[in-house]
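Survey of secondary and tertiary structure
Here is how the chains run, residue by residue.
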Amino acid sequence: MDEKMMKEYIFYDSYDWDNCGIEEEYDIKGKDYKKLITRLFKYSSCFSLCFNAPEHSQTRYPTGSKPIRRENDYGYDNRNDYPEYDKYIIKKAVQGTTPPKDFDFLGTFIAYEWRFYRCCDETLKFLLAKFDSIYSFVPWCNNNPEDPYFYRSDGSVLFASLTHEGECYLLPHDGEDFSNILTTPPWCTTEISEDLYYRRFCKFAHEHMSIEEFNV
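Residues numbered from 1 in each chain as written. Predicted model: local features only at pLDDT ≥ 70, side-chain atom pairs only at ≥ 80, totals over all residues. Heavy atoms only, no water.

Describing the packing of helix α1 (residues 30-43) against helix α2 (residues 121-130)
When two helices pack together, their arrangement is given by the angle between their axes and by how far apart the axes lie. One way to put it is that α1 packs onto α2 with a least axis distance of 10 Å and a crossing angle of 160°. Comparing the axis directions of α1 and α2 gives the class roughly antiparallel. Considering the relative orientation of α1 and α2, their crossing is right-handed. Contact residues: α1 offers Tyr33, Lys34, Ile37, Thr38 and Phe41, while α2 offers Thr123, Leu124, Leu127 and Leu128. Split by residue class, the contact of α1 with α2 holds six nonpolar, two polar and one charged. (Axes fitted to C-alpha atoms, helices over the stretch in contact; angles between N-to-C directions. Helix = DSSP H or I, 4+ residues; strand = E, 2+ residues; numbered from the N terminus. Parallel < 35°, antiparallel > 145°, perpendicular 65-115°, else oblique. Left-handed = near helix turned anticlockwise from the far one by under 90°. Contact = heavy atoms within 4.5 Å. Nonpolar A, V, L, I, M, F, W, Y, C, P; charged D, E, K, R; others polar.)

Points about the pattern of salt bridges
Tallied over the full model, the rule gives nine salt bridges. Measuring nitrogen to oxygen at the nearest pair gives 3.9 Å for the salt bridge that ties glutamate 84 to lysine 130. Here lysine 130 lies in helix α2 and glutamate 84 lies in the loop between β5 (58-59) and β6 (89-95), a separation of 46 residues in the sequence. Exposure remark for lysine 130: the relative accessible area of 39% places this residue in the partly exposed category. Residue glutamate 213 is joined to lysine 91 by a salt bridge in which the shortest nitrogen-to-oxygen separation is 3.1 Å. Of this pair, glutamate 213 sits in helix α5 (residues 211-214) while lysine 91 sits in strand β6, and the two are 122 residues apart along the sequence. For lysine 91, a relative accessible area of 26% corresponds to the partly exposed category. The network of salt bridges with shared partners includes Asp81, Glu113 and Arg115. (Salt bridge = Lys/Arg side-chain N within 4 Å of Asp/Glu carboxyl O. Buried < 20%, exposed > 50% of the residue type's maximum accessible area, 1.4 Å probe, protein only.)

Remarks on α2
Buried within α2 we find Thr123, Leu124, Phe126 and Leu127. Buried residues along α2 cover an arc of 155° about the axis, so they all sit on one side. Opposite its buried face, α2 presents the exposed residues Asp121, Lys125 and Ala129, each directed more than 90 degrees away. (Arc of directions from axis to C-beta.)

Re the confidence of the model for the protein
Averaged over every residue, the pLDDT of the protein is 83; the share at 70 or more is 76%. Counting contacts from residues 61-76, a segment whose pLDDT is below 50, to residues more than four positions away or on other chains yields 30 contacts. (pLDDT = per-residue confidence, 0-100.)

A closer look at the environment of asparagine 215
Mapped onto the secondary structure, asparagine 215 falls in the segment after α5. Looking at asparagine 215, its side chain comes within polar contact range of the main-chain oxygen of serine 153, at 2.9 Å. (Polar contact = N/O pair within 3.5 Å; in protein donor to acceptor, adjacent residues only side chain to side chain.)

Some thoughts on the sheet that holds strand β1 (residues 5-12)
Ordered by their spatial adjacency, eight strands build an open sheet running β6-β8-β4-β9-β10-β11-β1-β12, and the pairing between neighbours is antiparallel. Strand pairing shows two members of the sheet lacking a second neighbour, β6 and β12 (188-193), which therefore form its edges. Averaged over all adjacent pairs, the angle separating strand axes in this sheet is 20°, with direction ignored. Sheet strands in contact with α1 are β4 (46-52), β9 (146-151), β10 (157-162) and β11 (167-170), and its direction is about 140° off that of β10. Strands in contact with helix α4 (residues 194-208) are β1, β6, β8 (112-118), β9, β10, β11 and β12; relative to β12, the strand with the most contacts, it is inclined by about 75°. (Pairing = 2+ DSSP bridges.)

Here we look at the nonpolar core
Judged by nonpolar contacts, the single largest core of 35 residues is most densely connected at Leu40, Phe47, Leu127, Ile134 and Phe150. Listing elements by their share of this core, those giving two or more residues are β1, α1, β4, α2, β10 and β11. Here this core takes six residues from α1, the largest share from any one element. Phenylalanine 47 has contacts with Phe41, Arg115, Phe116, Tyr117, Arg118, Cys119, Thr123, Phe126, Leu127, Tyr149, Phe150 and Tyr151, leaving out every residue within four places of it along the chain. Among the nonpolar cores identified, the runner-up in size contains 22 residues, and Ile10, Tyr169, Leu171 and Phe214 belong to it. (Core = buried A, V, L, I, M, F, W, Y, C linked by side-chain atoms within 4.5 Å.)

Points about unusual backbone geometry
With glycine set apart, most residues show a phi of negative sign, and most peptide bonds adopt trans. The phi torsion at tyrosine 82 lies on the positive side, around 50°, for a residue other than glycine. Relative to the helices and strands, tyrosine 82 resides in the loop between β5 and β6. A positive phi is found at aspartate 147, a non-glycine position, where the angle reads about 55°. Relative to the elements of secondary structure, aspartate 147 occurs in strand β9. Given the relative accessible area of 11%, aspartate 147 is considered buried.

Shown next as structure tokens:
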């Protein structure tokens, strides 16, 4: 049986239009950023941000013996915690702590804390005031969290990102209008199977959030 497909729009931070090895750089910023975030809030019940969790991260001794905690992996520690917005957090979930199967080339295992926030007027103002573009969600230089995701009330993902890799994904349903946003280059249109969509974008959140929590 054929896999059921859904439309996917991708925005890369660089793109080689002529396939000549020269890439142009892109971001969604200023008025375009405000327009995107405001429209995402219209169709979403909550969003998540990904924070470094140094208290759960580990570094191996050169001998490969017992892992130890390291406070500031890669020379940064994105702990802009925004405690004034804690009251809008639905849940926190730590990714990658039990147990680390692989350490990176620096001998480091970095854990991340996903924070799920309720979509409301106050958190909309938060995202518009604290960040000025979609690719400002990176830890280096500004200690920001990364990878904003937006979820509908049924737990499905409307928007996903891997910001340090320069990738954003928009996955609208019929009736969700992003026509005035998708006209801005370099949005690319493709398709993704529903199975891959779930495994790539939804699985982690569904393992930690109930449907009731997506509706808070």
